[in-house]
Amino acid sequence: MRQLSAEEKKWVEETVKKIREKMTVVVDRNRGIIPYTTVDGRFDDKSKDDPCWWTNGFWGGILWQLYVLTGNEMFRQEAIGVEEKLDYNLMNAQGLDHDNGFKWLPTSVVRYKRERNKESLNRALLAANNMAGRFNIAGNFIRAWNNWDEVDRRGFAIIDCMMNLPLLYWASEETTDPRFKLIARAHADAARQTFVREDGSVNHIVVFDPFTGDVLGSLGGQGYGEGSSWTRGQSWGIYGFALSYHYTGEKRFLDTSKKIADYVLSAIPENYLVPIDYRQPKEVNLEDSTAAAITASGLIELATQLPEDADKYLDAALKLLMTLDEKRCSWGTETDNILNNCAVDYHGDGHNMSIIYGDYYFIEAVMSLAGKALRIF
Ligand code: GLY
């Protein structure tokens, strides 16, 4: 990966400073919560509203990144608070799913790696075992979600799951038991074969027959529709396959990440503001800043793994982040969130809002460029 230019370095340093200054104020006035979004600029608290919500680990990730950056004990104490609140979730089978990685990698795994805390190890291994137990041997996939409503999801797998596999890679490294890694790698191979289209775009949902493992079809999921290209799903794909390469060293995963990244580079609009779906109707003006931030972080991960041919990925990551900074960030302390114009999905009403993982991946990406990020995924 190339060195940053003097101008790029200056931008990175200034942005790290803005993150540090804003978040020191924001965390201090929001003790003891787990935010998801903002209402009138102020964080909500999912630890009360929805303690098993899939995003409940990202605040922990932000706090650990800030603790490593600043050494300010406030961030560490708040991060431990998030981890402890997740224990309610760990005792709730319906609240556990393929997203265990998003919850316990930025909380228990981070703390265990740094502090060798036995309770953190216990939590992370429980989460990894539960996730491994979701593996369907007929189709070699980790089942997504649960049957919380009338929808039968026994055969569902989703591209987002790729980002959770590092929990399983970590569990094998920690226990020396290969089962977790074998499951993660088998899922990554199934995803490589069934999610990634000829042109490099990826499906959000692939539906398997849960008894035979046959692929029954794909669904548009949170994107515009079947065959479309949900931008956050593309970003989970770039980053997730790059991570499977990082943890296995197996080049086919790197090649898959590059294939998705090359498609995304061809689809990003000229203004670098990312839509909710790269194939949404032209007249629709819906954006998703989370997809921009996750794509940037994934492209940086990919670029660091490539000895050459990485400049285009780093260039695109910088353009995405600088555009967010200039046009879609709130740096004043009157609001708790950083990123604006985030979206949950195309068809719902969760548009033009703040979402905590947008802030997490923006912070992670900028800190990676500064050489100051903690590896969480
Ligand atoms: N993993 C769910 C989402 O990206 O919205």
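Below or above, wherever it landed, is the structure these notes cover.

About the thresholds
Residues numbered from 1 in each chain as written. Predicted model: local features only at pLDDT ≥ 70, side-chain atom pairs only at ≥ 80, totals over all residues. Heavy atoms only, no water. Helix = DSSP H or I, 4+ residues; strand = E, 2+ residues; numbered from the N terminus. Polar contact = N/O pair within 3.5 Å; in protein donor to acceptor, adjacent residues only side chain to side chain. Contact = heavy atoms within 4.5 Å. Near = heavy atom within 4 Å. Areas by Shrake-Rupley, 256 points an atom, 1.4 Å probe, with all protein chains shown as cover. 1 Å grid on protein atoms, 1.4 Å probe; cavity = no way out; pocket = protein on both sides within 12 Å on 5 of 7 lines; lining within 4 Å. Sits in = over half its atoms within 2 Å of the grid points. Points joined across faces, edges and corners; volume = space filled by probe spheres on them. Nonpolar A, V, L, I, M, F, W, Y, C, P; charged D, E, K, R; others polar. Buried < 20%, exposed > 50% of the residue type's maximum accessible area, 1.4 Å probe, protein only. Axes fitted to C-alpha atoms, helices over the stretch in contact; angles between N-to-C directions. Parallel < 35°, antiparallel > 145°, perpendicular 65-115°, else oblique. Left-handed = near helix turned anticlockwise from the far one by under 90°. Core = buried A, V, L, I, M, F, W, Y, C linked by side-chain atoms within 4.5 Å. Phe/Tyr/Trp six-rings, centres within 6.5 Å; stacked < 30°, edge-to-face > 60°. Lys NZ or Arg CZ within 6 Å of the ring centre and 35° of its normal.

1. Section: the side chain of S354
Here comes step 1: Tracing the backbone shows S354 in the loop between α13 (311-328) and α14 (356-369).
Here comes step 2: A polar atom in the side chain of S354 sits 2.7 Å from the side chain of T38.
Here comes step 3: Here S354 is in contact with Y36, T37, T38, N337, L339 and C342, once residues within four sequence places are set aside.

2. A few points about the site of the ligand
Here comes step 1: Close contacts around the ligand come from W54, D160, Q222, W230, R232, W236 and Y357, and that covers them all.
Here comes step 2: Contacts to the ligand include D160, whose side-chain N or O atom sits 2.6 Å from a nitrogen atom.
Here comes step 3: Between the ligand and the protein, one listed contact pairs an oxygen atom with a side-chain N or O atom of Q222 at 2.8 Å.
Here comes step 4: Here the ligand has 200 Å² of accessible area as a free molecule, and 95% of this is covered by the chains.
Here comes step 5: Taken atom by atom, the bulk of the ligand overlaps the largest pocket.

3. Let's talk about unusual backbone geometry
Here comes step 1: In this structure, W145 takes a positive phi of about 50 degrees despite not being glycine.
Here comes step 2: Examined against the element boundaries, W145 turns out to sit in the loop between β4 (141-142) and β5 (156-158).
Here comes step 3: Backbone geometry at Y272 places phi at a positive 65 degrees, although glycine is not the residue there.
Here comes step 4: Mapped onto the secondary structure, Y272 falls in the loop between α11 (251-267) and α12 (289-305).

4. Regarding empty space enclosed by the protein
Here comes step 1: Taken as a whole and assessed by the stated rule, the structure comprises one cavity of 30 Å³ or more.
Here comes step 2: The computed volume of the largest cavity comes to approximately 60 Å³.
Here comes step 3: Of the residues contributing to the lining of the largest cavity, the split by class is three nonpolar, nine polar and one charged.

5. A word on the environment of G139
Here comes step 1: Checked against the element boundaries, G139 lands in the loop between β3 (135-136) and β4.
Here comes step 2: Judged by its relative accessible area of 12%, G139 is buried.
Here comes step 3: With 74 residues separating them in the primary sequence, G139 and G213 have C-alpha atoms 3.7 Å apart.
Here comes step 4: In contact with G139, other than residues within four places in its own chain, are A190, F208 and G213.

6. What to know about the packing of helix α7 (residues 118-132) against helix α8 (residues 165-175)
The angle between the axes and the distance between the axes are what describe a pair of packed helices.
Here comes step 1: Two elements in contact, α7 and α8, have axes separated by 9 Å at closest approach and are oriented at 120 degrees. When the axis of α7 is compared with that of α8, the two are oblique. Classified by chirality, the crossing of α8 by α7 is left-handed. Facing L121, A124, L125, A127, A128, M131 and A132 of α7, the residues of α8 in contact are L165, L167, L168, W170, A171, E174 and T175.
Here comes step 2: Class assignment for the residues of the contact of α7 with α8 results in twelve nonpolar, one polar and one charged.

7. What about the nonpolar core?
Here comes step 1: Core analysis: the largest hydrophobic core is formed by 124 residues, its most contacted members being W59, L168, Y361, F362 and F377.
Here comes step 2: Here the element with the most residues in this core is α14; it accounts for ten residues.
Here comes step 3: For Y361, the residues in contact, after removing those within four places along its chain, are F58, F102, M163, W236, Y239, A293, I294, S297 and F377.
Here comes step 4: Among the nonpolar cores identified, the runner-up in size contains six residues, and A144, I158, I205 and V207 belong to it.

8. Notes on the environment of K85
Here comes step 1: By secondary structure assignment, the location of K85 is in helix α4 (residues 73-85).
Here comes step 2: The exposure class of K85 is partly exposed, given its relative accessible area of 32%.
Here comes step 3: The spatial distance from the C-alpha of K85 to the C-alpha of G32 is 9.2 Å, given a sequence separation of 53 residues.
Here comes step 4: Setting aside its immediate chain neighbours within four residues, K85 contacts G32, I33, I34 and S47.

9. Examining the packing of aromatic side chains
Here comes step 1: According to the stated counting rule, one finds 25 aromatic pairs in the structure shown.
Here comes step 2: Taking 5.1 Å as the distance between ring centres and 80 degrees as the angle between the ring planes, the aromatic pair formed by Y224 and Y346 counts as edge-to-face. Of this pair, Y224 sits in the loop between β7 (215-219) and α10 (231-248) while Y346 sits in the loop between α13 and α14; the two residues are 122 residues apart in sequence, bridging distant segments of the chain.
Here comes step 3: Among the aromatic side chains, those forming a connected cluster through ring pairs are W54, F58, F102, W236, Y239, Y357, Y360, Y361 and F377.
Here comes step 4: Here the guanidinium or amino end of K46 rests over the ring plane of W53, the centre of that ring lying 5.1 Å away.
Here comes step 5: Its guanidinium or amino end placed over the ring of F253, R252 lies 4.7 Å from that ring's centre, counting from NZ or CZ.

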